[in-house]
2 protein chains.
Amino acid sequence: MTLTRESAPSSRRRAVRDIVLYGLCGGVLIAVLKLTEYRFLVVEHSVEIYGALVAALFAGLGIWLGQTLTRKKPAVILKEVPTPAAGPFAADETRVSQLGITPRELEILGLIASGLSNREIADRLFVSENTVKTHSSRLFDKLGAKRRTQAVQIGKTARLIP
Amino acid sequence: MTLTRESAPSSRRRAVRDIVLYGLCGGVLIAVLKLTEYRFLVVEHSVEIYGALVAALFAGLGIWLGQTLTRKKPAVILKEVPTPAAGPFAADETRVSQLGITPRELEILGLIASGLSNREIADRLFVSENTVKTHSSRLFDKLGAKRRTQAVQIGKTARLIP
DNA sequence: TGCAAAATCACCCGAAAGTGTGACGACAAC
DNA sequence: GTTGTCGTCACACTTTCGGGTGATTTTGCA
């Protein structure tokens, strides 16, 4: 399916406005610096220091601006997610026994489905990685899967996992 | 349900690299400015011009840096709301554009979720396996996933895929 | 008590997945 | 006409997976 993503013009306009505002602020800041003759507080060859100072300051401000600019979007990110209003999931025991899947294997299938690596699963279950491998290997065999992603897919359609 | 995204080390590494590169660029720029004695090309009161130049430059760079740095930041905060399971699936375009996921990447996410290998995806889309890898790599980056199973899990909770 | 299933672990090896970098053409936007 | 994004591809490299084999311990139950 192709999903044409149109550019959000409103945010862009807002961004431009912000940048302009930002520039103005910068101008004012420079003016202030000039008026206070701040640069005469340092010694002769102060241009470099002055430049570095301004650079650092504006770099920091720029980063901050960039962040606040992009942070505006995540403000809306707090959104409700429609989830199938289902109660606590219960694995289809019929199919589990049909396929001869052991409880441990089912457990590992769930952890695989939640995106964990073998290493992470091993740590979580306090077993060695090799153990997880053997379990998953046998699991794939029983499910007829070649990859963990496929195992997850099959497990979901077979209602072995939520 | 809160989906806490753990720090993707690769992105962080890249971010650090970006910062270092950025700093180096700044240093080089200042050095060049100094070496060419650019400030003597303009009239007496050149300090302001010089400062403004540096300021503007660093501001731009800072904004860019800030944006690129935080672009992948938006943590996917999901709020669960019971809803009668919808019929035909439609990807949440809002979140897709929020995460900056391209149509092609979304397509590949779907194929990954259906349990296909990179090779199989490549064959199905008539592209090279390397291309699929590139797409999935960028996809994982945007989703904050380290593995394809995790990408699928995140994609599902974010309603990017059925 | 003894047996079978389940769970545990190790080791090797090849295959798949993922990273990092760089490159190129197309195409839209400014 | 430069700039930016997207899609494409390569290649070297590291990490993770998965298969195969064999072994030991735990546990449920006949």
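Before reading further, recall that the structure is shown in the block above.
Values in this document were obtained by computation on a predicted structure and should not be read as measured data. (Residues numbered from 1 in each chain as written. Chains lettered and ligands numbered in written order. Predicted model: local features only at pLDDT ≥ 70, side-chain atom pairs only at ≥ 80, totals over all residues. Heavy atoms only, no water.)

Q: Explain the packing of helix α5 (residues 118-125) of chain B against helix α6 (residues 129-143) of chain B here, please?
A: Helix-helix packing is described using two parameters, namely the angle between the two axes and the distance between the axes. Residue and element names in this part refer to chain B. Where α5 meets α6, the closest approach of the two axes is 8 Å, and the angle between their N-to-C directions is 110°. Of the possible angle classes, the one that applies to α5 and α6 is roughly perpendicular. Contacts between α5 and α6 involve Asn 118, Arg 119, Ile 121 and Ala 122 from the first element and Glu 129, Val 132 and Lys 133 from the second. Each residue belonging to the contact of α5 with α6 can be placed in one class, and the counts come to three nonpolar, one polar and three charged. (Axes fitted to C-alpha atoms, helices over the stretch in contact; angles between N-to-C directions. Helix = DSSP H or I, 4+ residues; strand = E, 2+ residues; numbered from the N terminus. Parallel < 35°, antiparallel > 145°, perpendicular 65-115°, else oblique. Contact = heavy atoms within 4.5 Å. Nonpolar A, V, L, I, M, F, W, Y, C, P; charged D, E, K, R; others polar.)

Q: Is there a simple way to explain the environment of Arg 147 of chain B in this structure?
A: Inspection of the secondary structure puts Arg 147 of chain B in the loop between α6 and α7 (148-157). In the structure, Arg 147 of chain B is positioned 10 residues away from Ser 137 of chain B in sequence and 9.4 Å away in space, judged by C-alpha atoms. At 3.2 Å, the side chain of Arg 147 of chain B and the backbone oxygen of Gly 115 of chain A are in polar contact. One polar contact links Arg 147 of chain B to Glu 120 of chain A, side chain to side chain, over a distance of 2.8 Å. (Polar contact = N/O pair within 3.5 Å; in protein donor to acceptor, adjacent residues only side chain to side chain.)

Q: What is the right way to read the pattern of salt bridges from this model?
A: Oppositely charged side chains can pair when the atoms bearing their charge come close. This model, assessed by the stated rule, comprises 11 salt bridges over all chains. A salt bridge links Glu 107 of chain A to Arg 104 of chain A, with the nearest nitrogen and oxygen atoms 2.9 Å apart. One end of the pair, Glu 107 of chain A, and the other, Arg 104 of chain A, are both in helix α4 (residues 103-113), three residues apart, so they sit about a helical turn from each other. Overall, the relative accessible area of 31% leaves Arg 104 of chain A in the partly exposed class. Across the pair Glu 120 of chain B and Arg 147 of chain A runs a salt bridge whose closest N-O atoms are separated by 3.0 Å. Residue Glu 120 of chain B is located in helix α5, and its partner Arg 147 of chain A is located in the loop between α6 (129-143) and α7 (148-157); the two belong to separate chains. Residue classification places Arg 147 of chain A among the partly exposed residues on the basis of a relative accessible area of 22%. Because the salt bridges share partners, they merge into one network encompassing Glu 105, Arg 138 and Lys 142 of chain A. (Salt bridge = Lys/Arg side-chain N within 4 Å of Asp/Glu carboxyl O. Buried < 20%, exposed > 50% of the residue type's maximum accessible area, 1.4 Å probe, protein only.)

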